[in-house]
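Descriptive analysis of the structure
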Amino acid sequence: MTTAAVATRSQAIFERAKAVIPGGVNSPVRSCKSVGSEPIFMDHADGSHLFDVDGNKYIDYVGSWGPMILGHRHPRVLEAIEITLKQGTSFGAPCRAEVEMAELVCKLMPSIEMVRMVNSGTEATMSAIRLARAFTKRTMIVKFDGCYHGHADSFLVKAGSGLATLGISSSPGAPDEITKLTVSIPFNDPAQLKKTFEKHGKEVAAVIIEPIVGNAGLILPEENYLQTIRELCTEHGALLIFDEVMTGFRVALGGAQDMYKIKPDLTTLGKIIGGGLPVGAYGGRKDIMEMVAPQGPVYQAGTLSGNPLAMAAGIAQLKTLQTPGTYAHLAENTTRLADGLKGLSKSIQVVSVPGMLGVFFNSKPVTDFESAQKCDTEQFGKVWRALIEKGIYWPPSQFEAAFISAVHTKHDIDNTIDAFKDAIK
Ligand SMILES: *Cc1c(COP(=O)(O)O)cnc(C)c1O
């Protein structure tokens, strides 16, 4: 390899990063590999904008992959962190803010009667299935192709192919002995779930689902689909886990479960709940949650769980989200962007719910992972690179949703539509 002249600061930092961090990034999708680019190193952020180390400014549609629903550096969130900071950063003993957070979560999501704070979405989902297994005394987990539930071994089961049914791991290192306990079936296909229950009903501890799939682009549940899942779980004695790490407090204050009026047994949360600091949570029915240690025998712990700074940021964000009009404004902005993008080309599909939007490079509607995989990722990459040139930081993957914040302006949205128009040409 010849040493090419380094053109930007971002490239220079990336060169250093590659020597000491696998792939130069601490989470794979940030690498921008799938869109034929190198990662862009950010310097700071403000409101709806990101600023990179080379001084470029972008309208941000990644929003830290979901948490930044109020935009970056929201004054109320910053103020809460600043006040808390003066009191110390971690106690290793309980603090008042943890209780306030738990009360707030139980109030905003009535299916949650008790909640445990953790440090990431991954921790939330892996703890939730341990609890579900203990509660039901069963071992199998049913998930859906294209849904992402963090990187615990049990969830790394390949989507789509027949191998998925056999539970062959899609990541080296996740033992087949563990992944064979996970069955992954197509989303939006109630017959498949019925079949799975007929075959394995008495072994299924839990069905875990992203009620709105935001990790395969953006895929909405068809009418009554979630209701059918709820009924089948009840009938077969399996717990229903809504993974609302992404949708919680985003598509509505009460999450997708409020939007579709479905009551899951357990819910996993993350992203928004931390206000931009590392937080996750799992909660639900009291009779189930009472099994968690130290009240019950199901072990789960965390040195920094319920961290005061993270609680302060999260509480401030959740409280600010309760301001009347917030979600109406979010919905309005999302619709404006969706409507603007819809007419641009016959070969794109635009899907949206308040605060989230997906643009599939596909001439047919996307209803599940299989149809999502038929997208023209090459074309997506081309458009992504053109958008970057125009100052739009769109999620660097065809299989990720874009996030809109409450502080994106009409001007931001209209600029984005214009940029897409040029980029798609
Ligand atoms: C992001 C995400 C996770 C994982 O959360 P981390 O904090 O990245 O571990 C789990 N489930 C869903 C639905 C997510 O979007």
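Preceding block: the structure.
The structure contained in this document is the topic of the report that follows. (Residues numbered from 1 in each chain as written. Predicted model: local features only at pLDDT ≥ 70, side-chain atom pairs only at ≥ 80, totals over all residues. Heavy atoms only, no water.)

**Some thoughts on the pattern of salt bridges**
Taken as a whole and assessed by the stated rule, the structure comprises 11 salt bridges. The closest approach of N and O atoms between D265 and R285, which form a salt bridge, is 2.9 Å. One end of the pair, D265, is in the loop between α9 (255-259) and β9 (266-269); the other, R285, is in the loop between β10 (280-284) and α10 (286-289), and 20 residues separate them in sequence. A relative accessible area of 6% means that D265 is categorised as buried. Residue R285 is classed as partly exposed on the basis of its relative accessible area of 26%. The salt bridge involving R336 is made with D414; its shortest N-O contact spans 2.9 Å. Placement of the pair is R336 in helix α12 (residues 326-342) and D414 in helix α15 (residues 410-424), with a sequence separation of 78 residues. On the basis of relative accessibility, which here comes to 32%, the residue R336 falls in the partly exposed class. For D414, a relative accessible area of 29% puts it in the partly exposed group. Overlapping salt bridges bring together R230, D265, R285 and D287 as one network. (Salt bridge = Lys/Arg side-chain N within 4 Å of Asp/Glu carboxyl O. Helix = DSSP H or I, 4+ residues; strand = E, 2+ residues; numbered from the N terminus. Buried < 20%, exposed > 50% of the residue type's maximum accessible area, 1.4 Å probe, protein only.)

**Notes on the nonpolar core**
If you look at the biggest cluster of nonpolar residues, it comprises 73 residues, and the most contacted ones within it are F144, I229 and W394. No other element matches α15, which puts six residues into this core. Grouped together as the second largest cluster of nonpolar side chains are 33 residues, I272, A312, A313 and I315 included. (Core = buried A, V, L, I, M, F, W, Y, C linked by side-chain atoms within 4.5 Å.)

**Details of the sheet that holds strand β4 (residues 114-118)**
One open sheet holds the seven strands; their spatial order is β4-β10-β9-β8-β7-β5-β6, and the pairing between them is mixed. The sheet is open, and its two edges are formed by β4 and β6 (182-185), each paired on a single side. For this sheet the average axis-to-axis angle between neighbouring strands, irrespective of direction, equals 20°. Examined bridge by bridge, β9 and β10 share four bridges and lie antiparallel to one another. Its bridge partner lying in β10, T268 is registered against Y282. (Pairing = 2+ DSSP bridges. Axes fitted to C-alpha atoms, helices over the stretch in contact; angles between N-to-C directions.)

**Section: the site of the ligand**
As a matter of local geometry, the ligand sits amid S120, G121, T122, Y148, H149, G150, E210, N215, D243, V245, M246 and K271. In the environment of the ligand, an oxygen atom lies 2.6 Å from a nitrogen or oxygen atom belonging to the side chain of T122. The side chain of K271 places a nitrogen or oxygen atom 2.6 Å from an oxygen atom of the ligand. Protein chains shield 84% of the accessible area of the ligand, which is 380 Å² for the free molecule. The class makeup of the residues in the shell around the ligand is three nonpolar, six polar and three charged. (Near = heavy atom within 4 Å. Polar contact = N/O pair within 3.5 Å; in protein donor to acceptor, adjacent residues only side chain to side chain. Areas by Shrake-Rupley, 256 points an atom, 1.4 Å probe, with all protein chains shown as cover. Nonpolar A, V, L, I, M, F, W, Y, C, P; charged D, E, K, R; others polar.)

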